[in-house]
Amino acid sequence: MNEINYQEKIPNNVNLAENRRLQRALEAWQPGFINWWNELGPIDSRSLDVYLRTAISADADGWADFGYVKMPDYRWGIFLSPQEKDRTISFGDHKGEPVWQDVPGEYRGLLRRLIVIQGDTEPASVEQQRILGSTCPSLYDLRNLFQVNVEEGRHLWAMVYLLHAHFGREGREEAELMLERHSGDRDKPRLLGAFNEATPDWLAFYMFTFFTDRDGKFQLGALAESAFDPLARSCRFMLKEEAHHMFVGDSGISRIVRRCCDVMRENRTDNPREYGVIDLTTIQKYLNFHYSVSLDLFGAEVSTNAANAFTAGLKGRFNEAKLTHDDHQLKDEAYSVLQVSGDVMRQTDVPALTVLNENLRNRYSGECLNGVNRWNKLIQKCGCDFQLQLPHQAFNRKVGDFKDYHISPDGKILSDKEWEQQKDNWLPTEQDRKFVASLMTKPVSQPGQYANWIAPPTKSINNLPADFEYVRFD
Ligand SMILES: [Fe+2]
Ligand SMILES: [Fe+2]
């Protein structure tokens, strides 16, 4: 059952052939998807042979197969994690009841909205990253970019399948709209702010995969708890693919940090830009930007939608079923959140059910902090006197309680004037972006070679030799 059927036009492990109507509807959506990929997917990539992994099974071990693929021929398909026998709902009003294989009528609208919002982010990131191939720092990195891109395409398939299979005509319409909205489009933008920002250079790409893909991990983790079993199983399999995306970000930033520190040490300089590498101050500014826009993705701190989705059993907390410290209904629980009023910020206890977004965001921030600590260890080891920092949660926010305030990275409330005077010290300026872009003007396409601004990876894909030709040009 978990083996994936590759004989069909749409590879799947959901017995698609048994439901002719659904199969036909999805086959009718498929050409639009391929068109979208060719028009808005990675530029100049159609004829490249890329060493990619493709899912062959949804089981925990040995789920992927590696080999050269031309990306338009990638086998995008529908893969759900194995069904858990006798799974019951672990939270909300329906706690203890069997999970649902169909959508209950009363939750249709809310559930569709959750799936659409998740689905919309997947093609958005492909659009945002489409030009990066032309300035790749190595074939290894180019291959990783493409791996992330094809899998985000597959994540769109995962959500489109749910829409087609469970939401009738409205679901099919939503699936069409997924290909009509585009990142940064003035008339039809993507639904969430961070997915309309540009990803203009590779530092931004690694920051995106570290911070924004990690938001994806936490959203998927919360949806993987859903009482709607097909959604939970889809998200569980997506999470497996997502892990690599965050690895790409984490290791990419580590390599840039390492290169910067090496150059500073070897040349006894505090100005590594002179040597054509990215300085730690610029890395910090990018970090500030990507972390703050990713925090916005969790939504407003106080949210009735989130409370309703939880009570209905549609979206839990991260690892909900494994949490042991409360009753999973949260009717009488309190949760401490940071609130601002006038010129004071303070922690306040509020009903836990009303601040589930904040709960998820806090778990997310903890993981981000671990990454920053790892990078700081690298910096310390090189003997450089610098520490990267996660900015305060209220810094540069466009969504939620803090959006009407200017807050410094260390959490001070600022006047408009103070903000204007200092914001260029905290967020990438035009010049910073130009400098970063100036290092990335052409691709490095010799196997085993790396751009000057980034250290080679510490290990290869699939234990291949360091000079493996991850991408073949014809
Ligand atoms: Fe994704
Ligand atoms: Fe991702």
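Residue numbering note: each chain is counted from 1, following its sequence as written. Whichever chain is written first is A, and whichever ligand is written first is 1; the rest continue in order. Two thresholds apply to this predicted model, a pLDDT of at least 70 for residue-level local features and 80 or more for giving and counting side-chain atom pairs, whereas whole-chain, interface and lining totals are computed over all residues.

This brings us to the overall build of the protein chain. Counting from the N terminus, the helices are the DSSP runs of H or I reaching at least four residues and the strands are the DSSP runs of E reaching at least two. The secondary structure content of the protein chain amounts to eleven helices and seven strands. In terms of overall dimensions, the protein chain is globule-like: its C-alpha atoms have a radius of gyration of 23 Å, near the 23 Å expected for 474 residues. Seen through its principal axes, the protein chain has C-alpha atoms that stretch 65 × 60 × 40 Å. Remark: C-beta atoms are placed from the backbone, and a residue is labelled buried if 20 or more other C-beta atoms sit within 10 Å of its own, exposed if 12 or fewer do, or partly exposed between those counts. For the protein chain, the residues scored as buried account for 46% of the 474 residues in total. Here contacts are defined at the residue level, using C-beta atoms placed from the backbone and a cut-off of 7 Å between them. Once local pairs closer than 6 in sequence are excluded, the contacts in the protein chain between residues at least 24 apart make up 70%. Radius of gyration: over C-alpha atoms. The globule rule applied is 2.2 Å multiplied by the number of residues raised to the 0.38 power.

Turning our eyes to something else, we now look at the sheet that holds strand β2 (residues 64-70). When DSSP locates at least two bridges between a pair of strands, those strands are taken to pair. Pairing is antiparallel across the open sheet formed by three strands, whose spatial order is β2-β1-β7. The open sheet has two edge strands with one neighbour each: β2 and β7 (471-472).

Quick look at the nonpolar core now. Looking at soluble globular proteins, one finds that nonpolar side chains tend to be buried together. For the purposes of this analysis, a nonpolar core is taken to be any set of buried Ala, Val, Leu, Ile, Met, Phe, Trp, Tyr and Cys residues that are connected through C-beta atoms within 7 Å. One finds V160, L203, M207, I256 and C260 to be the most contacted residues of the largest nonpolar core, which totals 118 residues. The element that contributes the greatest number of residues to this core is helix α3 (residues 139-166), accounting for 15 residues. Sequence-distant contacts of L203, defined by excluding residues within four places in its chain, comprise I256, I278, Y286 and V436. With five residues, the next largest nonpolar core counts A394, F395, F402 and I407 among its residues.

For the rest of this paragraph, the subject is the packing of helix α5 (residues 202-223) against helix α7 (residues 280-296). Helix-helix packing: each pair is described by the crossing angle between the helix axes and the interaxial distance. In the contact formed by α5 and α7, the axes pass within 9 Å of each other and the chain directions differ by 30 degrees. Relative to α7, the element α5 lies roughly parallel. Where α5 crosses over α7, the two elements pack in a sense that is right-handed. In this structure, α5 uses L203, A204, M207, F208, F211, T212 and D215 to contact α7, whose residues at the interface are Y286, L287, H290, Y291 and S294. For this classification, Asp, Glu, Lys and Arg are treated as charged, while Ala, Val, Leu, Ile, Met, Phe, Trp, Tyr, Cys and Pro are nonpolar and the rest, including Gly, are polar. In terms of residue class, the contact of α5 with α7 is made up of eight nonpolar, three polar and one charged. Helix axes are fitted only over the stretch in contact, all axes being lines through C-alpha atoms; the angle between N-to-C directions runs from 0 to 180 degrees. Each angle gets one of four labels, with under 35 degrees taken as roughly parallel, over 145 as roughly antiparallel, 65 to 115 as roughly perpendicular, and the rest as oblique. Crossings are classed by handedness, with left-handed meaning an anticlockwise turn of the near helix from the far one by less than a right angle and right-handed meaning a clockwise turn.

Its 22 residues place the ends of α5 30 Å apart at the C-alpha level, agreeing with the 32 Å of an ideal helix rising 1.5 Å per residue. Burial analysis of α5 places 21 of its 22 residues in the buried class, which makes it a mostly covered element. Multiply 1.5 Å by the residue count of a helix minus one, and that product is the helix's expected span.

In this section: the packing of α3 against helix α4 (residues 168-180). In the contact formed by α3 and α4, the axes pass within 7 Å of each other and the chain directions differ by 155 degrees. Considering the angle they form, α3 stands roughly antiparallel to α4. The residues of α4 that touch α3, namely those facing L156, V160, L163, H164 and H166, are G171, R172, E174, A175 and M178. Grouping the constituent residues of the contact of α3 with α4 by class yields five nonpolar, three polar and two charged.

With that out of the way, let us pick up the pairing of strand β3 (residues 334-341). With eight bridges joining them, β3 and strand β4 (residues 344-351) adopt antiparallel strand pairing. Bridge pairing links A334 to P351 in β4. Connecting β3 to the next strand, β4, in antiparallel fashion are two residues, including G342 with a positive phi near 60 degrees.

The next subject is the environment of R472. Mapped onto the secondary structure, R472 falls in strand β7. On the neighbour-count criterion, R472 (14 C-beta atoms within 10 Å) is partly exposed. With 403 residues separating them along the chain, R472 and V69 place their C-alpha atoms 10.0 Å apart.

Within helix α8 (residues 304-312) the residues assigned to the buried category are A306, A309, F310 and A312. In this structure, the buried residues of α8 make contact with α2 (108-128) and α9 (356-381). G313 sits one or two residues past α8 and shows a positive phi near 90 degrees.

Once that is clear, we can look at unusual backbone geometry. The backbone phi angle of R268 is positive, close to 45 degrees, even though this residue is not glycine. With respect to the element layout, R268 can be found in the loop between α6 (229-266) and α7. In this structure, N462 takes a positive phi of about 60 degrees despite not being glycine. For N462, the location among the structural elements is in the loop between α11 (430-438) and β7.

Another point: the environment of E333. Within the fold, E333 resides in the loop between α8 and β3. Counting along the chain gives 192 residues from E333 to D141, while the straight-line C-alpha distance between them is 46 Å. Beyond its immediate stretch of four places on either side in the chain, E333 contacts D326 and A352.

A separate point is the environment of A352. With respect to the helices and strands, the residue A352 is situated in the loop between β4 and α9. Here A352 falls in the buried class, since 22 other C-beta atoms lie within 10 Å of it. Expressed as a C-alpha distance, the spacing of A352 and A124, which sit 228 residues apart in the sequence, is 32 Å. Not counting chain neighbours up to four residues away, the residues in contact with A352 comprise L330, E333, A334 and Y335.

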